[in-house]
Structure formats: structure tokens, C-alpha cells
Amino acid sequence: MHDLTLTQLSAEIAAKRASSVEVVTHFIKRINALNRKYNAYITVDEERSLAQARAADARIAAGAAAPLTGVPIAHKDIFCARGWRTTCGSKMLADFVAPYDAHVIERFNAAGAVIVGKTNMDEFAMGSSSETSHFGPVRNPWNLETVPGGSSGGSAAAVAARLAPAATGTDTGGSIRQPAALAGVSGIKPTYGVVSRYGMIAFASSLDQGGAFARTAEDLALLMNAMAGFDARDSTSLEREPEEYARELGRPLAGLRVGLPAEFFAEGVAPDVARAVEGAVAKFKAMGCEPIEVHLPNMALSVPVYYVLAPAEASSNLARYDGVRYGYRAGGYNDLIDMYKKTRAEGFGAEVKRRILIGTYVLSHGYYDAYYIQAQKVRRLIARDFRDAFTKCDVIMGPTSPTTAFRLGEKAGDPVQMYLSDIFTIAVNLAGLPGMSIPCGFDAKGLPVGLQIIGNYFSEAQMLNVAHHYQQATDWHTRAPSGIDL
Ligand code: GLN
């Protein structure tokens with residue numbers, strides 16, 4: 001049952017060949033048996049999940065099912081879900097039970113999907129390895145000594161290990177695409193503003209975007225249909241006509257212009273990664289696509305620009321964790337200021353503190369113009385590079401990550417090395433564009449390689465079709481890591 005894709009599982013449930021209760025019970029059994037190996041989930045709540053499953057079965061019996069009714073979906077522990085502990089991977093929120101649902105959760109609930117658990121992640125979504133979680137590191141199902149990428153590593157690992165057919169994630173600088181690549185699953189980060197950030201714990205608000213993981217592009221289209229849509233409670237949510245994200249699936253690719261940025265195929269990419277990505281490009285060529293060289297001259301500035309802007313926004317967003325309103329409060333303080341200091345010193349981990357310090361610094365008087373304003377200007381140049389490239393091509397392709405999964409601890413002591421994991425993903429967030437990662441091969445050690453597909457604004461349906469064609473012609477996305485059997 002866990003080998004079925006989300007689409008197949010939905011069909012099984014809709015045709016009453018399996019009940020939601022049976023399916024959810026099956027996945028919870030797997031999580032209970034295997035999660036200690038991967039640490040992909042922070043919280044499971046069997047009773048809550050089964051209550052939703054029973055409601056889904058009643059809805060199906062009444063003939064009122066929607067496409068996702070009854071299917072289990074894992075949610076990154078950054079999405080508030082009413083009654084569920086919602087930790088964001090932090091000690092600061094280790095005991096926080098969300099009093100309301102994020103828009104994304106509301107949407108899945110309205111579709112009748114079942115929350116099967118909350119997935120592990122880097123603390124406050126800051127990281128590329130899922131090692132900074134207060135709840136311990138996530139392990140990559142393809143090799144337990146390696147990381148699954150981050151920050152949505154728990155969601156990626158859960159889908160890879162068949163502990164959920166699909167999962168949500170968030171992507172501020174690569175946190176859906178990079179773990180999708182390292183864990184060998186498919187992931188999509190939509191255009192900024194397509195998925196509401198309401199109830200999604202804020203990291204860097206101008207960059208954060210919700211999205212999803214599954215095993216196929218077809219599954220991602222189903223998830224997008226549920227997640228996307230206007231929400232007045234997020235001031236950056238876009239008011240657009242609802243879309244059917246599967247509408248282009250199957251449309252021929254002949255004549256599609258595939259932009260290959262020279263900057264994505266430069267040195268610094270591991271040879272096995274380059275080989276797999278070039279193989280994928282050759283496949284698209286064989287399908288009638290036209291490769292075109294494009295340039296993103298300011299790409300190299302995306303990591304430094306991001307590490308000014310994202311910490312600046314984070315330092316402001318994380319000011320709310322003051323020990324007063326919710327979350328952790330230190331004991332044994334002398335006065336209010338001492339309470340603030342001890343709470344934040346004890347509640348946040350090292351990487352979060354580093355970001356708050358950097359962010360506070362770049363926003364401070366005298367440095368604001370030199371760093372923050374300057375970074376905003378370069379951000380605009382990076383967006384302009386993409387705009388120019390998209391006058392010559394329809395989609396852009398390249399590696400998602402310069403390497404495959406690295407060893408646990410390998411980059412934990414060197415933040416800059418860790419930051420460079422996102423060298424190919426960050427520019428997409430700075431420009432607000434949609435991006436995907438799909439499996440396109442393996443390295444010599446048997447670790448998965450991800451192909452990144454970047455589209456123009458609102459071209460998700462087209463990108464999903466591009467990915468779907470590739471998945472019809474290849475079987476990388478069907479491979480499963482060993483050791484996932486009970
Ligand atoms: N790895 C990047 C960071 O640490 C991106 C994280 C994300 O996309 N949430 O900020």
C-alpha cells in the first residue's frame with residue numbers, strides 16, 4: 001500500500017478498495033516501527049489522525065469525496081495545526097500547541113485529507129541538513145550516515161521512506177528543492193504568493209513559500225490544487241483565479257526551449273551530479289526540447305544577498321519569542337529584561353542565534369544602507385537576470401544541489417559550507433519564481449541526484465508537465481531506498 005503514489009492511493013480510497021482508516025493505520029504502523037531509524041517525524045497523534053480518517057470514510061460513504069479525501073499527508077512542523085503540537089524544530093516551541101490552523105492546513109482539512117504527523121526540520125527552517133532540530137537530526141533513508149537535506153528534511157525523508165505518500169514543506173532559499181534532491185523525491189516551491197503564509201511560522205517573510213513533496217509530478221499537481229489559493233489573512237497572498245494544476249499534464253514538449261544557465265554548469269558541481277543532470281537534459285532533447293544557453297550573471301551574488309536579507313527578516317520575525325506570549329520561558333530570572341535574555345539564550349539554538357545577530361547587525365543604524373539596502377538592489381538585479389533569460393527560454397534547468405547527500409556532521413561546524421548547499425536554489429526565492437526538483441539519477445555511492453526545473457512566474461502547470469514527461473520516460477522517481485520494509 002505504501003508503494004502506491006498519492007494519485008494511486010486516492011483512487012484506491014475513492015473506489016472504496018481501501019478505507020481511509022485502513023490506509024492511515026498502515027502508515028502509522030510504519031511510522032511507529034521505522035521512525036526511530038529516520039527521525040523524520042517530531043509528532044504523531046494516532047487518535048487525531050484516525051478521527052480524521054473516520055470522518056473521511058463517512059464523507060466517502062455519503063458520496064461527497066474530493067480528490068484527496070482520506071489520504072494521509074505529513075506536514076512540516078512549521079505549519080500550525082489546531083490541537084497539534086507545532087514546534088518548528090525548536091526548544092522555544094517544544095510544548096506549543098497551535099490554537100488555530102494555517103491556511104494550508106485548512107485547505108487540506110477541507111479536502112478531507114488526514115494529517116498523519118508533523119515532520120522534523122531545521123530549527124525555524126534555518127539550515128540545509130535538518131541537523132539543527134531540537135529533536136535531533138533527520139537521517140537520509142538512502143544512507144543513514146548522511147543528511148536528507150534541509151530544512152524540510154523530515155518531510156523529504158518521510159516521503160522517501162514511504163512513511164507518507166506526500167508531505168508539505170516550506171522553501172525560503174531551497175528548503176523544499178534541496179531535500180527533495182538529496183532524498184530522491186519530487187518537490188515543488190510555487191511562485192511567491194501562490195500559497196498563503198498564514199499560520200506558517202515566519203522565517204524570512206519576503207522569501208518563505210509553502211509547497212510540497214511527493215514521488216511524482218502528477219501527485220504534486222494534486223497537492224497544489226489543494227494548497228494554492230487566495231487568503232486575505234496573508235497580505236502577500238495573490239488574488240488569482242483558481243487553477244487546475246494538472247491541466248497541462250501530457251501536453252507534448254516538442255519545441256519547448258530549455259534554458260541552461262552557464263553558471264549552473266560551472267565548476268563546483270560534483271562530477272556525478274553534472275553527469276546525471278546532463279543526462280536528463282539529453283533526455284529532454286530527445287523529447288523534442290531545444291536547449292538554449294542563457295546567463296544569470298548575478299547568480300554568484302545570490303548567497304551573500306540572501307544571507308543579509310533572510311537574517312534581517314528573521315531577526316524581526318523572531319522578536320516575538322520573548323517568553324511572554326507563548327512558547328518557552330526560562331526559570332530563575334531576576335527581572336523582565338533578565339527573563340527575555342535567559343529565555344532567548346536557552347530557547348534558541350546556535351544557528352538561530354547567529355542569524356538573529358547577523359540580522360540585527362545589518363539592520364542597525366550606519367549599516368542599514370551598506371548592507372540591507374545594497375542587498376535589496378542586488379536582489380532586483382538577480383530578478384532581472386531571470387526576466388531576461390525567460391525572454392529566450394520557457395523553463396530553466398540545472399542541478400538542484402552541487403552535491404549529493406553529505407555526511408551527518410560534515411558541514412555542521414562550517415556555516416558557510418552549509419550555506420553554499422543552496423547556491424543553485426536561493427536565486428529563485430530572491431526572484432519569487434517557482435522551482436521544482438525531481439530525481440534524475442544516482443551518484444557512484446547510490447545517492448540520489450536532483451534536477452532543478454525553474455519556471456517563469458505562475459508557470460507551475462507547465463513545469464509539472466515538463467517533470468511529468470520526464471517521469472513517463474524514466475524510472476528514477478520510482479526507486480526506493482533499501483531498509484524501508486517493516
Ligand atoms: N538553507 C537556507 C537557510 O538556511 C534555506 C532554508 C530554507 O529554505 N528555509 O536559510
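Before any of the text, the structure's been laid out above.
Model, not experiment: these values are computed from the prediction.

Asker: Would you mind going over the overall build of the chain with me for this structure?
Answerer: The secondary structure content of the chain amounts to 15 helices and 11 strands. Taking 486 residues into account, the globule formula puts the C-alpha radius of gyration at 23 Å, and the chain, at 21 Å, falls close to it. Dimensions of the chain along its principal axes, counting C-alpha atoms only, are 65 × 55 × 45 Å. Looking at the 486 residues of the chain, the share that counts as buried comes to 60%. For the chain, restricting intrachain contacts to residue pairs at least 6 apart in sequence, the fraction spanning at least 24 positions comes to 76%. Accessible surface computed for the chain: about 17,700 Å², of which carbon and sulfur atoms make up 53%. A gap of 2 Å separates the mean positions of the 48 positive and 49 negative side-chain charges of the chain.

Asker: Hey, could you run me through the site of the ligand in this one?
Answerer: Every one of the 15 residues lining the ligand counts as a neighbour, but Gly173, Ser175, Tyr306, Arg355 and Asp422 are closest to it. Interatomic distance of 2.7 Å between a side-chain N/O atom of Ser175 and an oxygen atom of the ligand. Within the contact set of the ligand, an oxygen atom lies 3.3 Å away from a side-chain nitrogen or oxygen of Tyr307. Coverage of the ligand by the protein amounts to 100% of the 290 Å² it exposes when considered alone.

Asker: I would appreciate a short explanation of the packing of helix 9 (residues 302–317) against helix 11 (residues 350–362) in the present structure.
Answerer: When two helices pack together, you describe them by how their axes are tilted relative to each other and by the distance separating the axes. Where helix 9 meets helix 11, the closest approach of the two axes is 7 Å, and the angle between their N-to-C directions is 100°. By the angle between their directions, the pair helix 9 and helix 11 is classed as roughly perpendicular. The segment helix 9 lies against helix 11, with Tyr307, Val308, Pro311, Ala312 and Ser315 engaging Arg355, Ile356, Ile358, Gly359, Thr360 and Val362. Grouping the amino acids of the contact of helix 9 with helix 11 by side-chain chemistry returns seven nonpolar, three polar and one charged.

Asker: Which parts of the structure should I look at to understand a nonpolar patch on the surface?
Answerer: Together, Tyr361, Tyr367 and Tyr371 give the surface a local cluster of nonpolar side chains, amounting to about 280 Å² of exposed area. Structurally, Tyr367 is set in the loop between helix 11 and helix 12 (368–389).

Asker: Quick question: what am I supposed to make of the nonpolar core here?
Answerer: Inside soluble globular proteins, nonpolar side chains tend to come together where they are buried. Ranked by internal contacts, the top residues of the largest apolar core, which has 152 residues, are Leu68, Phe124, Phe386 and Ile453. No other element matches the nine residues that helix 9 contributes to this core. If we skip the residues at most four places from it in the chain, Phe386 touches Leu296, Ile396, Ala427, Val428, Ala431, Leu433 and Ile454.

Asker: Just to check I follow, could you spell out the pattern of salt bridges for this structure?
Answerer: Charged atoms that come close allow side chains of opposite charge to pair. Applying the stated rule across the entire model yields 22 salt bridges. Between Arg197 and Asp234 there is a salt bridge, with its nearest N and O atoms 3.2 Å apart. Here Arg197, found in the loop between strand 5 (186–189) and strand 6 (210–214), pairs with Asp234, found in the loop between helix 7 (217–227) and strand 7 (257–261); they are 37 residues apart in sequence, far enough to count as distant. A single salt-bridge network, built from bridges that share partners, covers Glu106, Asp231 and Arg233.

Parameters and conventions
- Residues numbered from 1 in each chain as written.
- Predicted model: local features only at pLDDT ≥ 70, side-chain atom pairs only at ≥ 80, totals over all residues.
- Heavy atoms only, no water.
- Helix = DSSP H or I, 4+ residues; strand = E, 2+ residues; numbered from the N terminus.
- Rg over C-alpha atoms; globule rule 2.2 N^0.38 Å.
- Buried < 20%, exposed > 50% of the residue type's maximum accessible area, 1.4 Å probe, protein only.
- Contact = heavy atoms within 4.5 Å.
- Areas by Shrake-Rupley, 256 points an atom, 1.4 Å probe, with all protein chains shown as cover.
- Lys, Arg positive; Asp, Glu negative; His and termini not counted.
- Charge placed at Lys NZ, Arg CZ, Asp CG, Glu CD.
- Near = heavy atom within 4 Å.
- Polar contact = N/O pair within 3.5 Å; in protein donor to acceptor, adjacent residues only side chain to side chain.
- Axes fitted to C-alpha atoms, helices over the stretch in contact; angles between N-to-C directions.
- Parallel < 35°, antiparallel > 145°, perpendicular 65-115°, else oblique.
- Nonpolar A, V, L, I, M, F, W, Y, C, P; charged D, E, K, R; others polar.
- Patch = residues over 30% accessible without salt bridge, like charges linked within 9 Å, V, L, I, M, F, W, Y side chains within 5 Å.
- Salt bridge = Lys/Arg side-chain N within 4 Å of Asp/Glu carboxyl O.
- Core = buried A, V, L, I, M, F, W, Y, C linked by side-chain atoms within 4.5 Å.

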